Every structure is written in C-alpha cells, then in structure tokens.
Amino acid sequence: MSDAIGSTSIETGKRVGLRTAMIATMALGALLALPLLMNDYQQYIVNLTLIYCLVSVGFNIVLGYLGQLAFANAALFGIGAYSTGILMQQLDVPFGFALPSSVLIAAVVGTLIGLPALRLKRYYLAIVTLVLGELLRWTYIHGGDITRGSSGLPISTPKLFNFPIESEAQKYYVFLFVTVLILWATRNLLRSRIGRAWVAIRENELAAASLGIWPAIYKIAAFTWSGAVVGAAGALFAILLGRIEPESFNLNQLLLHFTFVMIGGLGNMIGSIIGAVILTAAPEILRNFPGFEEIVFSLLLIGVLLFMPRGIGGILVAYFPRLRERLFRD
Amino acid sequence: MLLQLILSGIAQGSIYALVALGMTVLFRATTIVNFAHGEMFMFGAFVVYLFLHLVGAPFFVAALLGVVTLFGLGICIERVLIRPMAGGPHIALAMMTVALSYLFRGIARIFWGREVLPMPPVFSYPPIEIGNLVLTTQDLIIAGTMVLLVIVFMLLFHRSKLGRLAQAASDSPRGAALVGINVPAFYGTMWGVSAAMGAIAGILVAPITLLYPDMGAQILIRAFAAMTLGGFGHFGGAVIGGLLMGILEELSGGYLSTSLIDVFAFIAIIVVLLVRPAGLFGRGEVTRV
C-alpha cells in the first residue's frame, strides 16, 4: 500500500509541490492583508492567537511528540515574558536584541527543566514540573524591584531599528514574522532525524535506545526547543500586554495551554495550531463570569479525553489523509 | 520557642499527612495519582457547610452526610469518567484527574467566587496550655484522626484480605479478574473511600484554613510533598513525610523567614525527587527489560 502512495507522489511530486507553494503564498497574502479588515480589539485577539499558536506547538513537542508529562509550560511562558520585561525595562536592552536573548534564556531554562526528566517518569515528572512553575511564580511575586511583585512590571513601547511598534497592526506584523519563522523551523525539525527520534522515544524508549538513539540527548533537545518556542511566545506576550503580572502565569494559564494541545491532538502540530485558533477568544468571552473559564475548559478536556483521544487534528487526518503528519521528507 | 514550633509543626504536618493518606489509599489500590484529591477535600468541607447553614443540621449529622456524599461522588467519578479509560495510557488518566480538579474548582467558584467562609470547629474548648506550650483541641482531633486512620489502613492493607486484593488488582488487573476478583467494583469502592477520606480531612481542617475554592490546591501540593518525601504508596511514609514537612516548614518560618513557608514544600519536592526519587521509605522502581 505504501508503495502505491509512494510512487504517485513521486510522479506528481513537482505538481503537488507547486500547488502547495501556491496555497502557502495565498495564505500568507491573506495573513498579510488581515489588519485591513480588523478593528483594534479584533487585531489584539488575532495577535494573541499567534502567541498561543507558538505556545501550543511548543507544549506539544514535549507532551505529544516526546510523550513526557511535563507541566512547566506556563513557567517557560513566564520566563520568556519576564526576561523580555527585565531586559528592556531594567537593563535598557533594545527590543530587537531582547527578543532573541529571551528565547535563548527560555531555551536554557527548558534544558534545565529537561534534566529531571531524565531521572523521573510519569507522575513524578508532572509533580516536579508543576512545582517548578509555582516556585517561579513565587519568585516573580517576591522579586522586589526587579519584577515589581504582584503589581506587575510595565513595559514601554518597544522600538525596532528606531521605529516604534505601537499599534496592534504593527505588533501583528512583527508577531506574524516571528511566529511563521518559528513554526516553519519546528515543522522541519519534526520531520528531521531529531523529530523522528522523539517519536521513537515516545513509542518505546528501550527500542529507540537499541536502535542507537541516545534517549537522554534527544529528550534534552526536545525540552530545549520547546523552551525556546514557548519563550518566544512569552516575549511577544509581554510586548502585546505592555505589562506583565505574576498571575498571568498561574495554573489557569497552564490549563489553557493544556486544552489547546489536547483539543488539537497530542503529537499533531496542525492540530495544535487549530486548537489555539479556536480557543484563544474563549477566555476573553468568559472573563466576566468567575469559574466559567475553568468549567468550560475542563469540560472540553474531559470530552476530548473520553470521546476523541486524538483531538481535532486526529479527526481531520481521518478525512484528509494529506494532512497526516509525515515524519519523513518526500 | 523551639518546642512550640515543633508542636505546631506536628499539628500542621498532621493535616498534610491526613490529605496524603487519602491519595495513598487510591494510589495503592489503583496506581492512579489523583490530582483532584484537593478538590475532594474542598468539596467535603463545602458540603458540610451547606448542610450546616442551609438545612441547619447539627454538626455531626452534617459531617456524616458530607463524608457519605463524597463517598458517592468518588464512586460516580470512577464509574463515569475513569472506567471508560481503564487500560488506556497513564498519561490520559492523569490528565483526566487534572481536568476534574479544574472542573470542581470552577463549580465552587460559581457559587462562592472570592468569598472566604468560616467553618465551625468540631469542639470549641479553650486551647490546652502546658507550661509555655499551647495546643488547640482542633489540632489534637486532627492528629488523633490521622493516627487512627493510618493504623486502620495499615492493618487493612498489610494484615487483611483487602491488602492482597489491592496488591493483585493494582499489579495486574487482568490477572486479578481471572482469579475472580471484581476489579472494577473494587476500584470504584476505593475511589469512594479515598474521596471520603478527603472529605474527613476537609471537614477537620476547614476551621483552621477557612473555606474558599482554592483551599484544595493549596493543601494538595503540600500533601504531594509529604508523599514524595515519604515514598509514594507508603502509609507510614506519608505520615512521617507529612509530619517532617510540617515541622521543617514551621522551623524555617520561625528562624529564617515567614515567606519561606510558602515555598518550602516546593523546594522539598524538587530536592527529594532529584536526590532520592523513591522517597525516604519507598523502594526504587525496578523495570523489566
């Protein structure tokens, strides 16, 4: 069966490539023209969606592709945001330099979080990573003048080459560039030897090790990359809000990330993006009803766990085999 | 000073041990770690509060009804949400209990929002003073209940048929079913027992911590610390881990800084799991290749 599919894709390979390129160009054009149709609030939601696409894909790398029960995502998100805030506000680093630095810092923290994952499995890892998140939040609250405690750290308008990024539309173009770049890199990484190694480790660590894949190195790599992706999202989040508060990175933020990934489907990158796009606006709508955010998201999670364990991504794949995550290059 | 700190540490530690015991029972019987156990604790207290204030029931009747309600809730959770996923990956079960904990917290928040409610103590005798030391009756009741429960469950799990049942059902559900054990029914009962134990802890502790929707999450992380410190699935370990946590928390708060009390549990968990993942009394996990 695989032979038949393989030969057709070789025959039509060029044409399929051309069509994909055309679709991608049109999609990019539509994304570039989007701010023309939006008011400021809608544009803000779209910007937030871009951030959550990164968050959800980054979380999925560890949770879905590597299959590790690590819940430090909200913590990494916070690291990205606070690194940007502290670099820009306290150390006067320009935005163009603060953004990559924050990504780097978050990647290092991600690596450090990955270290316990080499020793700990399942629940133990879940508990340690949950606790790390709470510990970091405590640090933000008690950070004194550096983090400005629970009242939050205000961030002045970022400048890119002396050009201020003020309006939501301007932020959108910066965010779009960063998001597309990182998602494209992640997609390629997942299809590379490294991405395949992650899936192999998830399916059976011993078997993977017997094939010459060194689980420790690849696990650490997944945590590092996930940290970088989520850290970039955090940095953009700091710019979007203009003020970062410790409570933005609490357990409810984690629930949000968790729901994105589960709704989209574990180990399904397109699903993660779909999950983030569908659910980003929900907390905005539910904000005025205390408790409803938790109820809606937890019911969604329970529903997904019981009735569609592969998430929306899994259902889409069943109908459109072209969307199937291919872990190899044609 | 030192003695008083140790004494209040033991009182505080008994609370952690009591919550950790409920989770240990479930873990021993089903190998599931219930991330929603803190919400059982919170719900138990809130149900009793409702019976006390809406129905006007006397305290002991309300407490009994609260424990029975939570026993029922535990069985329902197992039947409706956990059993359909039995045999599935562990990661999915863990996620289900995480989702449940958020769900229950959300439900509590709809009704109580930001309110913090008072809860009457079981007995309101004046505190006992021995020399310079002060002990409240509530502390004594909590510590007493904790010791009683740990003895009961140690006997049940180590000296009775139930213990062998639990061992069989958690080691190999299939094998247990083959020799005629009704594994799903056993799991259901144990969920009920664990939830009821959460409720007992909630009813006893709520007069001290007050009632609010996030009270469970606060205590759960410390109960986790107690369990990891003592070794997962070990009854005596949970108790000693809980007491140690309480004493160390009070000592660090008394001699170093009060803001450290909040993070002590976090640091304890991280250090213990990294240095000795099996805890003080647990045996390391042996994997068959």
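Residues numbered from 1 in each chain as written. Chains lettered and ligands numbered in written order. Predicted model: local features only at pLDDT ≥ 70, side-chain atom pairs only at ≥ 80, totals over all residues.

### Concerning the overall build of chain B
Then comes step 1: Across its full length, chain B carries 11 helices and two strands.
Then comes step 2: Beginning at the N terminus, the succession of helices and strands in chain B can be written as α-α-α-α-β-β-α-α-α-α-α-α-α.
Then comes step 3: Its C-alpha atoms give chain B a radius of gyration of 19 Å, within 12% of the compact-globule value 19 Å for 289 residues.
Then comes step 4: Taken over the C-alpha atoms alone, chain B extends approximately 60 × 50 × 35 Å along its principal axes.
Then comes step 5: Within the span of chain B, comprising 289 residues, buried residues form 49% of the whole. (Helix = DSSP H or I, 4+ residues; strand = E, 2+ residues; numbered from the N terminus. Rg over C-alpha atoms; globule rule 2.2 N^0.38 Å. Buried ≥ 20, exposed ≤ 12 C-beta atoms within 10 Å, placed from the backbone.)

### Focus: the packing of helix H5 (residues 137–159) of chain B against helix H6 (residues 161–171) of chain B
Residue and element names in this part refer to chain B.
Then comes step 1: One can describe the packing of H5 onto H6 by two numbers: an axis separation of 4 Å at closest approach and a directional angle of 70°. The pairing of H5 with H6 is recorded here as roughly perpendicular in orientation. Between H5 and H6, the contacting residues are Leu156, Phe157, His158 and Arg159 on the first element and Leu162, Gly163 and Ala166 on the second.
Then comes step 2: Taken together, the residues that form the contact of H5 with H6 break down as four nonpolar, two polar and one charged. (Axes fitted to C-alpha atoms, helices over the stretch in contact; angles between N-to-C directions. Parallel < 35°, antiparallel > 145°, perpendicular 65-115°, else oblique. Contact = placed C-beta atoms within 7 Å. Nonpolar A, V, L, I, M, F, W, Y, C, P; charged D, E, K, R; others polar.)

### Considering the interface of chain B and chain A
Then comes step 1: Residue-level contacts link 32 residues of chain B with 32 residues of chain A.
Then comes step 2: Residue assignment for the side of chain B that touches chain A shows that the elements contributing at least two residues are helix H4 (90–112), helix H9 (215–230) and helix H11 (260–275) of chain B.
Then comes step 3: Examining the composition of the side of chain B that touches chain A, we find that 14 residues originate from one element, H4(B), more than from any other.
Then comes step 4: Looking at the side of chain B that touches chain A residue by residue, the classes come out as 24 nonpolar, five polar and three charged.

### Points about the confidence of the model for chain B
All names here are of chain B.
Then comes step 1: Across chain B, the average pLDDT comes to 82, with 96% of residues at 70 or higher.
Then comes step 2: The secondary structure element of chain B with the lowest average pLDDT is strand S1 (residues 128–130), at 73, and the one with the highest is helix H3 (residues 59–82), at 88.
Then comes step 3: For this predicted complex, the interface confidence comes out at an ipTM of 0.78, alongside a pTM of 0.80. (pLDDT = per-residue confidence, 0-100.)

### Points about helix H6 (residues 122–141) of chain A
Then comes step 1: An ideal rise of 1.5 Å per residue puts 28 Å on 20 residues; H6(A) measures up with 29 Å between its terminal C-alpha atoms.
Then comes step 2: With 15 of its 20 residues buried, H6(A) lies for the most part within the structure. (Expected span 1.5 Å × (residues − 1).)

### What about the nonpolar core?
Then comes step 1: Leu21(B) and Ile269(B) are the most contacted members of the largest nonpolar core, which has 201 residues in total.
Then comes step 2: The element that contributes the greatest number of residues to this core is helix H8 (residues 183–209) of chain B, accounting for 16 residues.
Then comes step 3: Among residues more than four places away in sequence, those in contact with Ile269(B) are Ile127(A), Val128(A), Val131(A), Phe224(B), Ala225(B) and Thr228(B). (Core = buried A, V, L, I, M, F, W, Y, C linked by C-beta atoms within 7 Å.)

### Topic: the confidence of the model for chain A
Then comes step 1: Within chain A, residue pLDDT values average 81, and 92% of them lie at 70 or more.
Then comes step 2: Of all helices and strands in chain A, the one with the weakest mean pLDDT is helix H1 (residues 2–11) of chain A (43), whereas helix H10 (residues 215–241) of chain A scores best (91).

### Points about H9(B)
Then comes step 1: Over its 16 residues, H9(B) extends 23 Å from the first C-alpha to the last, a length consistent with the 22 Å expected when each residue adds 1.5 Å.
Then comes step 2: The first or second residue beyond H9(B) is Gly231(B), which carries a positive phi of 110°.

### Concerning the packing of helix H1 (residues 2–30) of chain B against H8(B)
All names here are of chain B.
Then comes step 1: Axis separation between H1 and H8 bottoms out at 9 Å; the angle between their running directions is 175°. On the basis of their axis angle, the class for H1 and H8 is roughly antiparallel. Residues Ile15, Leu18, Val19, Leu21, Gly22, Met23, Val25, Leu26, Ala29 and Thr30 of H1 touch H8, and the partners they reach there are Tyr187, Met190, Trp191, Val193, Ser194, Met197, Gly198, Ala201 and Val205.
Then comes step 2: Taken together, the residues that form the contact of H1 with H8 break down as 15 nonpolar, four polar and no charged.

### A word on the environment of Phe237(A)
Residue and element names in this part refer to chain A.
Then comes step 1: Mapped onto the fold, Phe237 is located in helix H10.
Then comes step 2: Judged by C-beta crowding, with 25 C-beta atoms within 10 Å, Phe237 ranks as buried.
Then comes step 3: Apart from residues no more than four positions distant in its own chain, Phe237 is found in contact with Ile51, Phe77 and Ala81.

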